[in-house]
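Coordinates in review
Below, each chain spelled out in residue letters.
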Amino acid sequence: MRLSLAILGVVTVAACAPPVPDSASGVDLIGGSSYEQQREAELAGAATATGGTELVATAEDAGPQVSTNHSGISDEQDFQAVAARESIQSDAERLEAQRQLYQVIEPTAVPGRTSTGPNIVEYALTSGNQVGQKVYRRTNLLGSSQTARNCAKYPSADLAQEAFLKAGGPDRDRMSLDPDGDGFACGWDPRPFRKVVN
């Protein structure tokens with residue numbers, strides 16, 4: 001009797017428990033969800049009414065295909081759109097038109113240097129002293145403030161070095177650009193040029 005009451009209690013509790021939802025209900029594992037198909041059909045009707053994206057069902061009912069129709073966007077990647085307006089003949093005509101425009105430009109010799117001034121790269125490679133190492137005799141009567149003013153006239157140290165070499169440097173410093181006598185005007189540094197060669 002006790003066993004009968006226990007079985008009856010278990011059956012009663014089982015009957016009161018909520019049913020377990022079937023997560024696969026409404027899903028056709030081969031053709032897709034019937035809910036999804038219904039939703040796509042509803043969206044297709046709403047989208048067509050608003051003039052947006054149009055959903056078209058294929059003959060095999062493999063699902064909707066989206067075809068966009070936006071003005072100003074190229075459809076060159078759409079085979080059907082291109083095939084509708086182009087043909088083998090039109091491709092041949094376009095190719096021939098492009099061949100008519102094709103030009104062959106013969107290569108020419110690279111122009112040589114036109115600079116007649118001193119070459120600071122060559123000077124950097126041929127001078128062996130370090131920056132600040134006195135090699136040339138200087139009599140700096142004007143002082144360092146005058147050197148700073150003279151160097152300020154040049155937008156870069158490279159241009160100052162070119163002007164210095166053109167005016168008789170490194171042996172002479174007529175413009176007071178190299179007061180320490182190292183042969184390098186206005187703080188110009190030959191080391192970057194030397195590093196490229198080494």
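Scroll up a little and you will see the structure.
Residues numbered from 1 in each chain as written. Predicted model: local features only at pLDDT ≥ 70, side-chain atom pairs only at ≥ 80, totals over all residues. Heavy atoms only, no water.

1. Quick look at the nonpolar core
What counts, and what does not: What is meant by a nonpolar core is a set of buried Ala, Val, Leu, Ile, Met, Phe, Trp, Tyr and Cys residues, joined one to another through side-chain atoms within 4.5 Å. Buried, partly exposed and exposed residues are distinguished by accessible area as a fraction of the type maximum, computed with a 1.4 Å probe on protein chains only: under 20%, between the cut-offs, and over 50%, respectively. Counting from the N terminus, the helices are DSSP H or I runs at least four residues long and the strands are E runs at least two residues long. In this analysis, two residues are considered to be in contact whenever any of their non-hydrogen atoms come within 4.5 Å of each other.
Formed by Ile120, Tyr123, Ala124, Cys151, Phe164, Leu165, Leu177, Phe184, Ala185 and Trp188, the largest nonpolar core amounts to 10 residues. Within the residue set of this core, elements represented by two or more residues are helix H5 (120-126) and helix H7 (157-166). A total of three residues in this core trace back to one element, the largest contributor, which is H5. Not counting chain neighbours up to four residues away, the residues in contact with Ile120 comprise Asp158, Gln161, Glu162, Leu165, Trp188 and Phe193.

2. Concerning helix H6 (residues 144-151)
The test is simple: Think of the arc as the fan of directions from the helix axis to the C-beta atoms.
Listed in full, the buried residues belonging to H6 are Thr147, Asn150 and Cys151. The buried residues of H6 occupy one face: seen down the axis, they fall within an arc of 95 degrees.

3. A few points about the side chain of Asp178
Where we set the bar: Counted as a polar contact is a pair of N or O atoms within 3.5 Å, where, for protein atoms, one must be capable of donating a hydrogen and the other of accepting one, and residues adjacent in sequence contribute only when both atoms are in side chains.
Note that Asp178 resides in the loop between H7 and helix H8 (191-197). A relative accessible area of 0% means that Asp178 is categorised as buried. A distance of 3.4 Å separates the side chain of Asp178 from the backbone nitrogen of Asp182, its partner in a polar contact.

4. Regarding the environment of Lys195
Its location among the elements puts Lys195 in helix H8. Residue classification places Lys195 among the exposed residues on the basis of a relative accessible area of 65%.

5. A word on the packing of aromatic side chains
The condition is simple: Here is the rule: rings of Phe, Tyr and Trp (six-membered ring for Trp) pair when centre to centre is within 6.5 Å. Planes less than 30 degrees apart are stacked, more than 60 are edge-to-face, and the remainder are tilted.
Within this structure, the stated rule accounts for four aromatic pairs. Centroid distance Tyr123 to Phe184: 6.2 Å. Interplanar angle 75 degrees. Geometry classified as edge-to-face. Remark: Phe184 occurs in the loop between H7 and H8 and Tyr123 occurs in helix H5; sequence separation between them is 61 residues. Residues Tyr123 and Phe184 agree in their burial class; the two are buried. Considering the side-chain rings of Tyr123 and Trp188, the 6.3 Å spacing of their centres and the 35 degrees angle between planes classify their relative orientation as tilted. With a gap of 65 residues between them, Tyr123 in helix H5 and Trp188 in the loop between H7 and H8 connect regions that are remote in the sequence. The residues Tyr123 and Trp188 share a single accessibility class, namely buried.

6. Overview of the pattern of salt bridges
Note the cut-off: Salt bridge, as applied in this entry: a Lys or Arg side-chain nitrogen positioned within 4 Å of an Asp or Glu carboxyl oxygen.
This structure, assessed with the given rule, holds seven salt bridges. Taking the shortest distance from any N to any O, the salt bridge between Asp173 and Arg138 comes out at 4.0 Å. Taken together, the residues Asp173 in the loop between H7 and H8 and Arg138 in the loop between H5 and H6 connect sequence positions 35 residues apart. Summarising the burial analysis for this pair, Asp173 and Arg138 share the class buried. Between Arg138 and Asp178 there is a salt bridge whose closest N-O contact spans 2.8 Å. With Arg138 in the loop between H5 and H6 and Asp178 in the loop between H7 and H8, the pair connects residues that are 40 residues apart, well separated along the chain. In this structure, Arg138 and Asp178 share a single accessibility class: buried. When salt bridges that share partners are traced, they join Asp75, Glu76 and Arg85 into one network.

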